[in-house]
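Structure at a glance
Chain residues, written in single-letter form:
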Amino acid sequence: MGLTMEDVDRFEAARPRLEAIAYRMLGSASEAEDAVQETFLRWQAADVERVQVPEAWLTKVLTNLCLNQLTSARARRETYVGQWLPEPLLAGDPMLGPADTAEQRESVSYAVLVLLERLSPSERAVYVLREAFDYPHREIAEILDISEAASQQILHRAKKHVAEGKARTEIDEATARRIVEEFLAAATSGRTEPLVRLLTEDAVSIGDGGGKVPARAKAFEGAIAVAKFLRGLFRPTEAKRKIVGGSPDVYATTANGEPAAVVVVDGRVVGVMCLEVTPEGIIAVRNQVNPDKLERATRLWNSVEHGEPLVRAF
């Protein structure tokens, strides 16, 4: 029996929440969209009249699809070229999901998405459902086919792992823009000293080119090493213009709620530089330049107003 329009509407009403869950679970917008589409196909094939709580049914199906995806993704990432970073979501992207509480905002931050890669699939699922979407442990237990006590124990482990690597400071949009402005001014000054002053002593810089765009396989570590790399990165050269396809403009925005510099060439986002900020300074600079992970950012970028660029980089 096919779906009625009411059944389709019920699924579409749930789609934004499902996409936000899947993105946090997988760290990839494209994979999240695929998981939600597969959930719809399962919904289409189900005897929906016998589904008592559609929201719970859809969440259970989606979560288990994501768990399977995470297991296979770990194997794929062993052969990934260079560093693997999550796909950044620019400000205003509906896939960012709810942002009413500090826990919700934190759960989708780029820094925490990186930390979630350390968790087992079950730890990641419990953390996302509880911290980002406030599911009670009773419902999480039903979704994952575990006991409530197990859900609570898994959450405790997950939060401990995340807290061990977390030093993030929550900042508002105006502060984020100021941080990016200061960062870009320092990066384009031609000197390392202004950058070193903005970075923590143990700062790192990581790039994800996916084997399609040049990116160093090993992270730069320490304020001086990171500053030297960034100074060179923003030094104009013809070779860099060839790599990105022209002279890029750099804008200040936020990605996943954190300060970010967006690099754009002819309306195409070619890089998103996410800054993790602590009270002591910038502790991590994460550069996403894999074109496969910037398609959604490009679509969103071209659908909204974004003002004038702060700098023309190369």
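Note that this is a predicted model, so its numbers are computed, not measured.

1. Remarks on unusual backbone geometry
A positive phi angle, close to 55°, is found at Asn-256, a residue other than glycine. Turning to its location among the elements, Asn-256 is positioned in the loop between strand E3 (249–255) and strand E4 (258–265). The class of Asn-256 is buried, set by a relative accessible area of 2%. Of note, Asp-266 is a non-glycine position whose phi angle comes to about 50°, a positive value. Tracing the backbone shows Asp-266 in the loop between E4 and strand E5 (268–278). Looking at Asp-266, the relative accessible area reads 77%, which means it is exposed.

2. Describing the sheet that holds strand E7 (residues 311–312)
The sheet built from 7 strands is open, its strands ordered E2-E1-E6-E5-E4-E3-E7 with mixed pairing. The open sheet has two edge strands, strand E2 (220–221) and E7, and neither has a second partner. The pairing of E3 with E4 spans 7 bridges and is antiparallel. Bridging across to E4, Val-250 finds its partner in Val-263. Its contacts with the sheet place helix H9 (residues 173–187) against E3, E4, E5, strand E6 (281–288) and E7, and it is angled at close to 60° to E4. Sitting on the sheet, helix H11 (residues 223–233) is in contact with strand E1 (199–208), E2, E5 and E6, with an inclination near 50° to E1.

3. Focus on the UniProt feature "domain: RNA polymerase sigma factor 70 region 4 type" (unreviewed entry) in the protein chain
The sites that UniProt annotates as "domain: RNA polymerase sigma factor 70 region 4 type" (unreviewed entry) are residues 111–161. In residues 111–161, helix accounts for 78% and strand for 0%; the two terminal C-alpha atoms are 13 Å from one another.

What counts, and where the lines are drawn
- Residues numbered from 1 in each chain as written.
- Predicted model: local features only at pLDDT ≥ 70, side-chain atom pairs only at ≥ 80, totals over all residues.
- Heavy atoms only, no water.
- Helix = DSSP H or I, 4+ residues; strand = E, 2+ residues; numbered from the N terminus.
- Buried < 20%, exposed > 50% of the residue type's maximum accessible area, 1.4 Å probe, protein only.
- Pairing = 2+ DSSP bridges.
- Contact = heavy atoms within 4.5 Å.
- Axes fitted to C-alpha atoms, helices over the stretch in contact; angles between N-to-C directions.
- UniProt positions renumbered as here; feature names shortened; annotations may be inferred.

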